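# Inside the fold
Each chain is listed here by its residues.
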Number of protein chains: 2
Amino acid sequence: MFTETDCADEHCALSPPQAAYQSRPAKASRTQVRCSSCSMRSACMPSGFSAPDLTRFDAIVSATRLVKRGDALYRTNDPFQSIYAVRAGSFKTVVMHRDGREQVIGFHLAGEVLGLDGVYTEHHSSDAIALEDSSVCIIPYVLLEQMCAESKALQQQVLRTMSGEIVRESSLMMLLGTMSAEQRVANFLLNLSSRMQARGYSPNEFNLRMTREEMGNYLGMKLETVSRMFSKFQRDGLVQTRGKQIRIVDIEALERV
Amino acid sequence: MFTETDCADEHCALSPPQAAYQSRPAKASRTQVRCSSCSMRSACMPSGFSAPDLTRFDAIVSATRLVKRGDALYRTNDPFQSIYAVRAGSFKTVVMHRDGREQVIGFHLAGEVLGLDGVYTEHHSSDAIALEDSSVCIIPYVLLEQMCAESKALQQQVLRTMSGEIVRESSLMMLLGTMSAEQRVANFLLNLSSRMQARGYSPNEFNLRMTREEMGNYLGMKLETVSRMFSKFQRDGLVQTRGKQIRIVDIEALERV
DNA sequence: CGCGCACTTGAAGCCAATCAAATCGGGTGG
DNA sequence: CCACCCGATTTGATTGGCTTCAAGTGCGCG
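These numbers come from a predicted model, not from an experiment. (Residues numbered from 1 in each chain as written. Chains lettered and ligands numbered in written order. Predicted model: local features only at pLDDT ≥ 70, side-chain atom pairs only at ≥ 80, totals over all residues. Heavy atoms only, no water.)

### Here's the deal with the UniProt feature "domain: HTH crp-type" (unreviewed entry) in chain A
What counts is decided by this rule: UniProt positions are given in the numbering used here, feature names are shortened, and annotations may be inferred rather than shown by experiment. Numbering of helices and strands starts at the N terminus; helices are DSSP runs of H or I of at least 4 residues and strands are runs of E of at least 2.
Sequence positions flagged by UniProt for "domain: HTH crp-type" (unreviewed entry) are, in local numbering, residues 179-252 of chain A. Across residues 179-252 of chain A, helical content stands at 55% and strand content at 15%; the span's end C-alpha atoms are separated by 18 Å.

### Brief notes about the relation of the copies chain A and chain B
Basically, it comes down to this: What sets the superposition is a least-squares fit of C-alpha atoms, and only residues with pLDDT of at least 70 in both copies go into it. Only heavy atoms enter the contact rule, under which two residues are in contact if any of them lie within 4.5 Å.
Between the two copies, chain A and chain B, the superposition gives an RMSD of 0.0 Å; the rotation angle is 180° and the shift along the axis is 0.0 Å. Expressed as an axis order, the relation between the two copies is that of a two-fold axis. Closest to the rotation axis within chain A is the C-alpha of alanine 149 of chain A, separated from it by 2.4 Å. With an isologous cut-off of 70% or more, the 100% of interface residues of chain A that recur at the interface of chain B puts this contact in the isologous class.

### Structural notes on the environment of proline 140 of chain B
Residue and element names in this part refer to chain B. Basically, it comes down to this: The buried label applies to any residue whose accessible area, calculated with a 1.4 Å probe on protein chains only, is under 20% of its type's maximum; exposed applies above 50%, and partly exposed to all values in between.
Note that proline 140 resides in strand 8 (residues 134-140). Of the residues examined, proline 140 reaches a relative accessible area of 22% and is grouped as partly exposed. With 90 residues separating them in the primary sequence, proline 140 and serine 50 have C-alpha atoms 21 Å apart. Residues contacting proline 140, with those up to four places away along its chain left out, are Ile60, Gln81 and Ser82.

### Focus: the sheet that holds strand 4 (residues 91-96) of chain A
Picture the strands of a sheet paired through backbone hydrogen bonds; they go either parallel or antiparallel. Condition: Strand pairing is assigned whenever DSSP detects at least two bridges linking the two strands. For helices, the fitted axis covers only the stretch in contact; all axes are lines through C-alpha atoms, and the angles between them, taken along N-to-C directions, range from 0 to 180 degrees.
If you walk across this open sheet you meet the four strands as 2-7-4-5 (chain A), and the pairing is antiparallel. Of all the strands in the sheet, just strand 2 (72-74) and strand 5 (102-108) of chain A have a single pairing partner and so form its edges. Geometrically, the sheet is characterised by an average inter-axis angle of 30° between neighbouring strands, direction not taken into account. Direction of pairing for strand 4 of chain A relative to strand 5 of chain A: antiparallel, over a ladder of six bridges. Residue pairing in the sheet places valine 94 of chain A in a bridge with valine 104 of chain A of strand 5 of chain A. Taken strand by strand, helix 5 (residues 152-178) of chain B contacts strand 4 and strand 5 of chain A, and its axis lies near 120° from that of strand 5 of chain A.

### Thoughts on the pattern of salt bridges
Residue and element names in this part refer to chain A. Stated precisely, the cut-off is as follows: A side-chain nitrogen of Lys or Arg and a carboxyl oxygen of Asp or Glu constitute a salt bridge if their distance falls within 4 Å.
The tally for this structure, following the rule as stated, stands at 20 salt bridges over all chains. Where glutamate 102 meets lysine 92, a salt bridge forms, and the shortest distance between an N and an O atom there is 3.7 Å. One end of the pair, glutamate 102, is in strand 5; the other, lysine 92, is in strand 4, with ten residues separating them in the sequence. With a relative accessible area of 23%, glutamate 102 lands in the partly exposed category. When its relative accessible area of 9% is taken as the criterion, lysine 92 is described as buried. The partner of aspartate 236 in a salt bridge is lysine 232, with the nearest N and O atoms 3.1 Å apart. The exposure class of aspartate 236 is partly exposed, given its relative accessible area of 44%. Here lysine 232 falls in the partly exposed class, since its relative accessible area comes to 25%. Residues joined in a network through salt bridges with shared partners are Lys92, Glu102 and Glu214.

Given below as structure tokens:
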């Protein structure tokens, strides 16, 4: 929900280099962006918004921010002020263990929301790192809260989004708690595939924006194991990979794993 | 948040058997219960509620329901109508894999909320099973939504609760993704310990309400492994166990694991 | 061109799962 | 009250899957 994109870019790096990327702390750009004309809108705001709702919402989402590959949108313990919608690019969110090991909580594509973890304590409890040069819409939380009191549709949407995050995390726990390495990787690819499809890309062929290690940190396994599973799927004719390029050859077989 | 208990019972089974337990689908009892006089209130509604807020909230939480040990409060795909606050007793929430393996998503003690997963699709995405004879406060979601539009404090509280659930699940993912069996069990005991303490019980000595298998399904391991870790901690003088009774002897050592 | 980083692949080791058996404990019926 | 039963738990022996360690390859970029 809540994203805006006026550029129909390739969901990879930001399309034209309209401005030099800023380093943190970055000033947000105030170029007029509009949800009403955003190409991510269908992914971002699943219907139900009336025209006046949309107009009001446009008003509070007046800024965007560019985040360079590898940079943080926010970090653990940063004070919570806004949630973000990915306009273009992609992010990972990560929680760190004291010993340095990290668990990737999620990968976030264009049209998805980031930062809801901060509502609880008013501080973020994870790091959000850009996997590529990316841009986000900034949604100041106090304004969102305020608008929720005024618009029933928006309130419902916010609650639904939060609940969706809870459900998403539940199924990741299922994956981490009960599945074999092979099943985890298959599951991961299928999940990415359907999300790519929902964004209008081919579900069978796309680019992985994260490293094997990041996938491993997401799936609860080592990068070598991820690599081995990719090789195995390739041997068995389920996928074809070349580095970060992936082509899903036999989606049904992948589902049966 | 949102629990009520007028009986200061032993956080285990329901205190006096005031009524025969009903089987599902159960009619909710309409005995007058009040958040304002609820012993779980501090755990349930972390301050910030004005007197009028509280009164209004009392009005929508007018019913409770008894759930017998082993029975479901709701099941996956049940239509979502209410969220629940545990008044007395305890629950597990579970998601099932197609092959029958199950992942326990959480254990819920008195004063904790259940059912937020249902907001997303208007159907529950997990089963909630009572670990012992328990009772819950029923909070009809449509009324809650409505009241959220009227009370800023309540709206904030609901959003915070949801966010808290997201954060809680994140740290469980961290556990499942990165920790050894030993660390998982230690972590689990410490977590329970602090929650018992928050409820006014001894943090060092309490009853485990779930079986070894349920702990294993929560921690992503087999019941035998859970048992072995308990034995190991006992050998090393960190805890003493006798069946479901547990006494934490060396909490610092447990934290260092 | 060559450096560094990401990735692949092989071999060995280890932790947790599996299989198996014994014990405990609570509840029941004789 | 006691014998018995069944589920829960503990413990041991073995297996297997994933990690660890190590070496080598591929590739983008300065």
